[in-house]
Amino acid sequence: TVTRGKTLVVIFLRGGMDGLNLLVPFADPHYYQLRNGIGIPQPGKENGAVDIDGFFGLHPRASALAPLLASGAGVALQAVGYDKNTRSHFEEQDTWETGVIGNTIGSDGWLNRHLATSQGHGPIRAVSVGNNLPRILRGDAPAYAIRGLTDLGLGGKESERERFVAALEHAYCSPPPKDRLQDATDLVLQTGNETLEATRLLNKVAEKPYKSAGVYPETKLGNQLKEVARMIKANIGLEVAEVDYGGWDTHNRQGGITGVFADHVKTLSEAIAAFHKDMGNHMEDVMLLTLSDFGRTAAENGSGGTDHGWANCMLALGGAARRSGP
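Let me begin by describing the structure that accompanies this report. The shown structure was predicted, so the numbers you read here are calculated from the model rather than taken from an experiment. (Residues numbered from 1 in each chain as written. Predicted model: local features only at pLDDT ≥ 70, side-chain atom pairs only at ≥ 80, totals over all residues. Heavy atoms only, no water.)

1. As for the side chain of Arg 35
Part 1 of the argument: With respect to the helices and strands, Arg 35 occurs in the loop between helix 2 (29–34) and strand 3 (50–51).
Part 2 of the argument: Since its relative accessible area comes to 1%, Arg 35 is described here as buried.
Part 3 of the argument: Within the structure, Arg 35 has its side chain in polar contact with the side chain of Asp 18 (distance 2.6 Å).
Part 4 of the argument: A polar contact of 2.9 Å, which involves the side chain of Arg 35, links it to the backbone oxygen of Thr 297. (Helix = DSSP H or I, 4+ residues; strand = E, 2+ residues; numbered from the N terminus. Buried < 20%, exposed > 50% of the residue type's maximum accessible area, 1.4 Å probe, protein only. Polar contact = N/O pair within 3.5 Å; in protein donor to acceptor, adjacent residues only side chain to side chain.)

2. Structural notes on the packing of aromatic side chains
Part 1 of the argument: Tallied over the full model, the rule gives four aromatic pairs.
Part 2 of the argument: Ring geometry for Tyr 31 against Tyr 32: centres 4.8 Å apart, planes inclined by 85°, an arrangement best described as edge-to-face.
Part 3 of the argument: An aromatic cluster is defined as three or more aromatic residues linked by ring pairs; in this entry it consists of Tyr 245, Trp 248 and Phe 261.
Part 4 of the argument: Taking NZ or CZ as reference, Arg 14 lies 4.0 Å from the ring centre of Phe 12, over its face. (Phe/Tyr/Trp six-rings, centres within 6.5 Å; stacked < 30°, edge-to-face > 60°. Lys NZ or Arg CZ within 6 Å of the ring centre and 35° of its normal.)

3. Re the nonpolar core
Part 1 of the argument: Judged by nonpolar contacts, the single largest core of 48 residues is most densely connected at Val 9, Leu 225, Met 231, Ile 272 and Phe 275.
Part 2 of the argument: Of the residues forming this core, the biggest block, eight residues, is contributed by helix 9 (residues 260–279).
Part 3 of the argument: With residues up to four places along the chain from it excluded, the contact list for Val 9 reads Leu 225, Val 228, Ile 232, Ala 241, Phe 275, Val 286, Met 287, Leu 288 and Leu 289.
Part 4 of the argument: Membership of the second largest hydrophobic core comes to 18 residues, among which are Ile 136, Leu 137, Ala 141 and Ala 321. (Core = buried A, V, L, I, M, F, W, Y, C linked by side-chain atoms within 4.5 Å. Contact = heavy atoms within 4.5 Å.)

4. Overview of unusual backbone geometry
Residues other than glycine predominantly adopt negative phi, and peptide bonds predominantly adopt the trans conformation.
Part 1 of the argument: A positive phi angle is found at Asn 47, which is not glycine, with a value near 55°.
Part 2 of the argument: Along the polypeptide, Asn 47 turns up in the loop between helix 2 and strand 3.

5. Things to note about the sheet that holds strand 4 (residues 57–58)
Part 1 of the argument: Strands sit in the order 2-4-3 across an open sheet of three strands; the sheet is antiparallel. Where the open sheet ends on each side, the last strands, each with one partner, are strand 2 (23–24) and strand 3.
Part 2 of the argument: With two bridges connecting them, strand 2 and strand 4 associate as antiparallel partners. The partner of Val 24 across the bridge, within strand 4, is Gly 57. (Pairing = 2+ DSSP bridges.)

6. Let's talk about the pattern of salt bridges
Part 1 of the argument: A full pass over the atoms with the stated rule returns 14 salt bridges.
Part 2 of the argument: In this structure, Asp 18 engages Arg 35 in a salt bridge whose closest nitrogen and oxygen atoms are separated by 2.6 Å. Residue Asp 18 is located in the loop between strand 1 (7–13) and helix 1 (19–22), and its partner Arg 35 is located in the loop between helix 2 and strand 3; the two are separated by 17 residues in the primary sequence.
Part 3 of the argument: A single salt-bridge network, built from bridges that share partners, covers Arg 14, Glu 97, Glu 242 and Asp 244. (Salt bridge = Lys/Arg side-chain N within 4 Å of Asp/Glu carboxyl O.)

7. Comments concerning the pairing of strand 1
Part 1 of the argument: A large share of strand 1 lies buried, amounting to seven of its seven residues.
Part 2 of the argument: Across six bridges, strand 1 lies against strand 8 (residues 240–245) in parallel orientation. Note that in strand 8 the partner of Ile 11 across the bridge is Val 243.

8. What to know about helix 4 (residues 89–98)
In an α-helix, one turn spans 3.6 residues; hence positions three or four apart end up facing the same way.
Part 1 of the argument: Taking burial as the measure, the ten residues of helix 4 include seven buried ones, the bulk of the element.
Part 2 of the argument: Along helix 4, the positions that sit buried rather than exposed are His 89, Glu 92, Gln 93, Thr 95, Trp 96, Glu 97 and Thr 98.
Part 3 of the argument: Contacts made by the buried residues of helix 4 are with strand 1, strand 5 (74–80), helix 5 (110–116), strand 9 (286–292) and strand 10 (312–318).
Part 4 of the argument: Looking one or two residues past helix 4, Gly 99 carries a phi angle of roughly 75°, positive in sign.

9. Points about the packing of helix 8 (residues 220–233) against helix 9
Part 1 of the argument: As a packed pair, helix 8 and helix 9 sit with axes 9 Å apart at the nearest point and diverge in direction by 20°. In terms of axis orientation, helix 8 runs roughly parallel to helix 9. Crossing angle aside, the handedness with which helix 8 passes helix 9 is right-handed. Contacts from Leu 221, Gly 222, Leu 225, Val 228, Ala 229, Ile 232 and Lys 233 in helix 8 reach Thr 267, Leu 268, Ala 271, Ile 272, Phe 275, Asp 278 and Met 279 in helix 9.
Part 2 of the argument: A breakdown of the residues in the contact of helix 8 with helix 9 according to their chemical character gives ten nonpolar, two polar and two charged. (Axes fitted to C-alpha atoms, helices over the stretch in contact; angles between N-to-C directions. Parallel < 35°, antiparallel > 145°, perpendicular 65-115°, else oblique. Left-handed = near helix turned anticlockwise from the far one by under 90°. Nonpolar A, V, L, I, M, F, W, Y, C, P; charged D, E, K, R; others polar.)

Printed below as a string of structure tokens:
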């Protein structure tokens, strides 16, 4: 049995996020030699990086994260990767999601394998807030993909909702005729019951008004993290929440202090900062972690962008990531 009340929140930055322009090594002279066009100016200069430790600084559009890193509430993990990186989006996302290098057969995600080895404290242990269940959560343990709590509302009058649920129970949860294959039917019954129980519980959460303690940006990612916070604080037994944020494959016109990358950085940083504020003391029991396919090349290319690279930086926030000192 896992510890009650602990939750891992994973944000997968799909496309290969450029860690060198998120956490800028401004004290390294090679950085500006390799990035003459897209490099972020040093702290103190116009639109310069936000100094963190005298060597690294945050992209200015990521300033919402600066207080969290400065206080030790979060950390940046540098040069995370492995030496067999193929720099293929498909293969590297498979590796990060299955936890197996060179995986070509297994389809279960490492987060799901973790869930399958332990017993939780509720019917909803893992949720992806999005249209599809990502590979990292696929496997034998129950996990759910939802676009948002508001989309779960069954609508209509209470009697209509009851009839709808009764129809689902009849279709998926009723004992089968004796001539059916028992093993297969038992599996359907178990899955149907688990799904209906999870749906009922999430509907109860959706029906309760929610007032967040943080001001989320009006972005898709902001709304997704708000839903995650809402489910965690509802104490439904959620252990893993996953959110995808794509668009990081910046081969062309990546930009420096402005541009598509800078816009993504702003969206990511403001959503994470709002989530952290909204969670308040609950962050002591939460670990938020960012992942990406791989980093980008240190040198900018001829199209004003960066190509597929190697190791990358990750962000980690929460009680387990808190630094004991500066």
